[in-house]
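The primary structure of each chain is shown beneath.
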Amino acid sequence: MKGYIYGFLGNGHLVKCNRDLAISYFEKALSYNTKNILAIYNYGLILLQDGNFEKALELFFKATELNDKKAKRKSFVPTALNRTILLQKNIPLAIASTYWRLNDMDKAISTLEDLRKKYEYVSPNTLVTLGYFYLLVKDYEKAKELSLLAINDDESFSSAWDNMGQIYLEQKDLKAAKENFLKAIELNPKSVDSLYHLGIIEEKENNKDKALEYFKKSLDCNITSLNTVTKETINDKIKQLT
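Since we're looking at a predicted model, the values are computed, not measured.

In this section: the layout of surface pockets. By volume, the largest pocket is sized at about 850 Å³. Lining the largest pocket we find 31 residues, and of these Asn-125, Thr-129, Ser-159, Leu-226 and Asn-227 sit closest to its centre. For the lining of the largest pocket, the secondary-structure elements that each account for two or more residues are helix 3 (37-50), helix 5 (78-101), helix 7 (124-136), helix 9 (158-170) and helix 11 (192-204). Along the lines of polarity and charge, the residues of the lining of the largest pocket split into twelve nonpolar, 16 polar and three charged.

So this is what it looks like as structure tokens:
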């Protein structure tokens, strides 16, 4: 019981953006072998963002096991059922993202392809993530297909436009890449990756001042291990141009 309560408190503090306090409660919950699935999942996400990939994967597998057991139970109130189904989709997405950061692209892709086979509908975030994975393995047509499916589902999803920008940038189509990155930052001015890549494009076009402006804006955003660029990479670019 203590483990569940500590997990509940951790979830509450996370919602209130008290990240450090949430972490302390999540760690207490785990010390009591908590069965609070949402707490285990949420703590895994924090560890993933912070770069502790092995521990994150361990927690995601634990959350999967507990959630699958819960899904087999007959007695469900609707809200509990909805959360269980949501986690059945979200946990594999987190697992796939962890495999990506561990440089296991085969498992990253297969995890999300299996998810798509299992459910008729998956979120735009899942489509974009899978599309990005295909971009990394240079399957540009598949990457475009999935990114466009995400845009068709939700035109305001900035990450899908960022995906398209990165695809066109890889294919050396700077004009199309810029258009998509600009759309991404119009929807989300704090889109780190789009700002950074706009800087790259401006640098390629010898617009040093504009490139520097984009790099500085990207550095002012929240950057985690789930972004495609790092603070170090951005700082290096700024130093090169100043």
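In this section: helix 12 (residues 208-219). Note that an α-helix has 3.6 residues per turn; residues three or four places apart therefore point the same way. Helix length check: helix 12, at twelve residues, gives a terminal C-alpha distance of 17 Å against a target of 16 Å (1.5 Å per residue), a fit within 8%. By the burial criterion, the buried members of helix 12 are Ala-211, Leu-212, Tyr-214, Phe-215 and Ser-218. Relative to the axis of helix 12, the buried residues are bounded by an arc of 165° and lie together on one face. Where helix 12 is buried, its residues meet helix 10 (174-187), helix 11 and helix 13 (231-241).

Attention now moves to the nonpolar core. Grouped together as the largest cluster of nonpolar side chains are 72 residues, with contacts concentrated most on Tyr-43, Phe-60, Ile-91, Leu-112, Phe-133, Phe-215 and Ile-234. In this structure, Phe-215 is in contact with Tyr-196, Gly-199, Ile-200, Glu-203, Ile-234, Lys-237, Ile-238 and Leu-241, ignoring residues within four places of it in sequence.

In total, this model carries seven aromatic pairs according to the counting rule given. Considering the side-chain rings of Trp-100 and Phe-133, the 6.1 Å spacing of their centres and the 50° angle between planes classify their relative orientation as tilted. Taken together, the residues span a long stretch of sequence, with Trp-100 in helix 5 and Phe-133 in helix 7 at a distance of 33 residues. Comparing Trp-100 with Phe-133 shows no difference in burial state: the two are buried. Aromatic pair Tyr-196 and Phe-215: ring centres 5.5 Å apart, planes at 45°, arrangement tilted. Remark: Phe-215 occurs in helix 12 and Tyr-196 occurs in helix 11; sequence separation between them is 19 residues. Assessed through its relative accessible area of 8%, Tyr-196 is described here as buried. Ring pairs connect the aromatic residues Tyr-6, Tyr-25 and Tyr-32, which therefore count as one cluster.

Conventions used here
Residues numbered from 1 in each chain as written. Predicted model: local features only at pLDDT ≥ 70, side-chain atom pairs only at ≥ 80, totals over all residues. Heavy atoms only, no water. 1 Å grid on protein atoms, 1.4 Å probe; cavity = no way out; pocket = protein on both sides within 12 Å on 5 of 7 lines; lining within 4 Å. Points joined across faces, edges and corners; volume = space filled by probe spheres on them. Helix = DSSP H or I, 4+ residues; strand = E, 2+ residues; numbered from the N terminus. Nonpolar A, V, L, I, M, F, W, Y, C, P; charged D, E, K, R; others polar. Expected span 1.5 Å × (residues − 1). Buried < 20%, exposed > 50% of the residue type's maximum accessible area, 1.4 Å probe, protein only. Arc of directions from axis to C-beta. Contact = heavy atoms within 4.5 Å. Core = buried A, V, L, I, M, F, W, Y, C linked by side-chain atoms within 4.5 Å. Phe/Tyr/Trp six-rings, centres within 6.5 Å; stacked < 30°, edge-to-face > 60°.

Geometric values such as these leave the question of function open.
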